[in-house]
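Coordinate analysis (summary)
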Amino acid sequence: MSGEAAPAGHGDTGAVTGSGTPRGALGVPGSAAVPGPREGGGSGGPRPVVLPVGRDALLIELPGAEAAEAFHAEVLRRRSAGLLPGITEIVPGARTVLLDGLAEPRRLAAEVGEWRIPPLERGSESAVEIPVRYDGPDLADVAAMWGVTPEEVGRLHAATSFRVAFCGFAPGFGYLTGLPEQYHVPRRSDPRTKVPAGAVGLAGAYTGVYPRSSPGGWQLIGTAVRTVLWDAAREPAALFAPGTRVRFVPEGGAE
């Protein structure tokens with residue numbers, strides 16, 4: 001399903017804001033965007049941009065997924081340190097971060113350009129553990145693409161430290177990053193009309209766990225057991241949130 005890989009509306013520079021104003025430079029609808037911080041803390045590379053959204057929000061467009069994760073982590077650090085007073089919403093996307101509820105969006109837009117963004121660190125803080133059986137119907141196909149045995153797919157996947165980059169597609173669905181690039185796989189050419197809840201899948205750079213039964217085209221390598229990703233009666237309802245570390249634990253205690 002195409003909506004799984006990148007939620008619509010993220011990073012679309014030709015979009016219109018919620019107020020009906022074309023996105024452009026802050027305070028100048030329709031003109032060139034405000035330059036943002038350089039990838040890697042101002043040390044060169046493609047420059048992201050800062051775009052206004054309505055009257056009190058900014059959309060930060062980053063040059064890539066890893067840069068977006070690093071920027072999101074820096075925003076969280078600054079909010080925790082009390083350096084972003086008044087901000088109400090922080091919404092990361094595949095290559096964007098939306099900051100909403102800003103009292104002074106012009107000032108923050110100018111400050112963002114001076115931020116030094118450290119590389120993303122996948123630290124040793126506590127992780128949400130997801131028990132999983134590596135029994136997916138696409139396990140053999142993924143093993144062939146990786147050049148390993150099906151058993152090795154589970155071992156390599158479970159040995160990876162994952163992080164929720166952003167959420168979307170369905171309530172409770174998190175886009176998890178961490179797999180090295182050589183293990184990225186394409187979506188299936190023939191999406192399934194029904195993927196069961198709890199299915200663990202791979203698509204591109206991402207790992208995901210289906211919170212409920214739905215159509216989908218990810219490569220299914222396993223099944224999360226005893227895990228409820230979305231429960232409206234729980235606070236918070238979603239088990240995954242952007243920035244959450246995740247570790248898959250094979251059934252039987254294998255590492």
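Scroll up for the structure.
Quick look at the structure, then. Quantities reported herein were computed from a predicted structural model and do not represent experimental measurements.

Comments concerning the overall build of the chain
Scanning the chain from terminus to terminus reveals 5 helices and 14 strands. For the chain, with 255 residues in total, the buried portion stands at 45%. Taking the intrachain contacts of the chain between residues at least 6 apart in sequence as the baseline, contacts between residues at least 24 apart amount to 61%. For the chain, the computed accessible surface area is about 12200 Å², with 52% contributed by carbon and sulfur atoms.

Section: the pairing of strand S5 (residues 96–100)
The pairing of strand S3 (residues 57–61) with S5 spans 4 bridges and is classified as antiparallel. Bridge pairing in S5 places Leu 58 opposite Leu 99. With 4 bridges connecting them, strand S4 (residues 89–92) and S5 associate as antiparallel partners. The residue of S5 that forms the bridge with Glu 89 is Asp 100. What sits between the antiparallel neighbours S4 and S5 is a turn of 3 residues.

Remarks on the pattern of salt bridges
Within this structure, the stated rule accounts for 12 salt bridges. Across the pair Glu 104 and Arg 107 runs a salt bridge, and its minimum N-O distance is 3.2 Å. Residue class for Glu 104 comes out partly exposed when judged on its relative accessible area of 45%. Note on Arg 107: relative accessible area 39%, which makes it partly exposed.

Things to note about the nonpolar core
Trp 146, Ile 221, Val 246 and Phe 248 are the most contacted members of the largest nonpolar core, which has 25 residues in total. Listing elements by their share of this core, those giving two or more residues are strand S6 (128–133), helix H4 (139–146), helix H5 (150–158), strand S7 (162–167), strand S10 (199–203), strand S13 (219–224) and strand S14 (245–250). For this core, the element with the most residues is H4, which contributes 4 residues. With near-sequence residues (within four places) excluded, Phe 248 lies in contact with Ile 130, Val 132, Tyr 134, His 157, Ala 158, Phe 162, Leu 176, Val 200, Thr 207 and Val 209. In this structure, Val 50, Ala 70, Phe 71 and Ile 117 belong to the second largest nonpolar core, which totals 22 residues.

Some details on the packing of H4 against H5
Describing two packed helices takes the angle between their axes plus the distance from one axis to the other. Orientation of H4 relative to H5, taken along the N-to-C sense of each, is 80 degrees, at an axis distance of 8 Å. Between H4 and H5, the crossing angle belongs to the class labelled roughly perpendicular. The segment H4 lies against H5, with Leu 139, Ala 140, Val 142, Ala 143 and Trp 146 engaging Pro 150, Val 153 and Leu 156. Looking at the contact of H4 with H5, its residues break down into 8 nonpolar, no polar and no charged.

Considering helix H2 (residues 65–80)
Think of an α-helix as 3.6 residues a turn; residues three or four steps apart then line up on the same face. Counted at 1.5 Å a residue, the expected span for H2 with its 16 residues is 22 Å, and the 23 Å between its end C-alpha atoms agrees. Taken as a whole, H2 has its buried residues at Ala 67, Ala 68, Glu 69, Ala 70, Phe 71, His 72, Ala 73, Glu 74, Val 75 and Arg 78. Remark: Gly 82 follows H2 within two positions and exhibits a positive phi of approximately 80 degrees.

Overview of the packing of aromatic side chains
Counted by the stated rule, this structure contains 12 aromatic pairs. Between the aromatic rings of Phe 162 and Phe 248, the centroid separation amounts to 5.4 Å while the plane-to-plane angle is 85 degrees, which identifies the pairing as edge-to-face. A residue pair is termed long-range when its members are at least 10 positions apart, and Phe 162 in strand S7 and Phe 248 in strand S14 qualify at 86 residues. Comparing Phe 162 with Phe 248 shows no difference in burial state: the two are buried. The interplanar angle of 80 degrees and the centroid separation of 5.2 Å between the aromatic rings of Phe 169 and Phe 173 together place this pair among those described as edge-to-face. Given the relative accessible area of 0%, Phe 173 is considered buried. Taken together, the ring pairs in this structure connect Phe 166, Phe 169, Phe 173, Tyr 175, Tyr 206, Tyr 210 and Trp 218 into an aromatic cluster. Residue placement shows Arg 78 over the ring face of Trp 115; its charged tip is 4.1 Å from the ring centre.

Conventions and cut-offs
- Residues numbered from 1 in each chain as written.
- Predicted model: local features only at pLDDT ≥ 70, side-chain atom pairs only at ≥ 80, totals over all residues.
- Heavy atoms only, no water.
- Helix = DSSP H or I, 4+ residues; strand = E, 2+ residues; numbered from the N terminus.
- Buried < 20%, exposed > 50% of the residue type's maximum accessible area, 1.4 Å probe, protein only.
- Contact = heavy atoms within 4.5 Å.
- Areas by Shrake-Rupley, 256 points an atom, 1.4 Å probe, with all protein chains shown as cover.
- Pairing = 2+ DSSP bridges.
- Salt bridge = Lys/Arg side-chain N within 4 Å of Asp/Glu carboxyl O.
- Core = buried A, V, L, I, M, F, W, Y, C linked by side-chain atoms within 4.5 Å.
- Axes fitted to C-alpha atoms, helices over the stretch in contact; angles between N-to-C directions.
- Parallel < 35°, antiparallel > 145°, perpendicular 65-115°, else oblique.
- Nonpolar A, V, L, I, M, F, W, Y, C, P; charged D, E, K, R; others polar.
- Expected span 1.5 Å × (residues − 1).
- Phe/Tyr/Trp six-rings, centres within 6.5 Å; stacked < 30°, edge-to-face > 60°.
- Lys NZ or Arg CZ within 6 Å of the ring centre and 35° of its normal.

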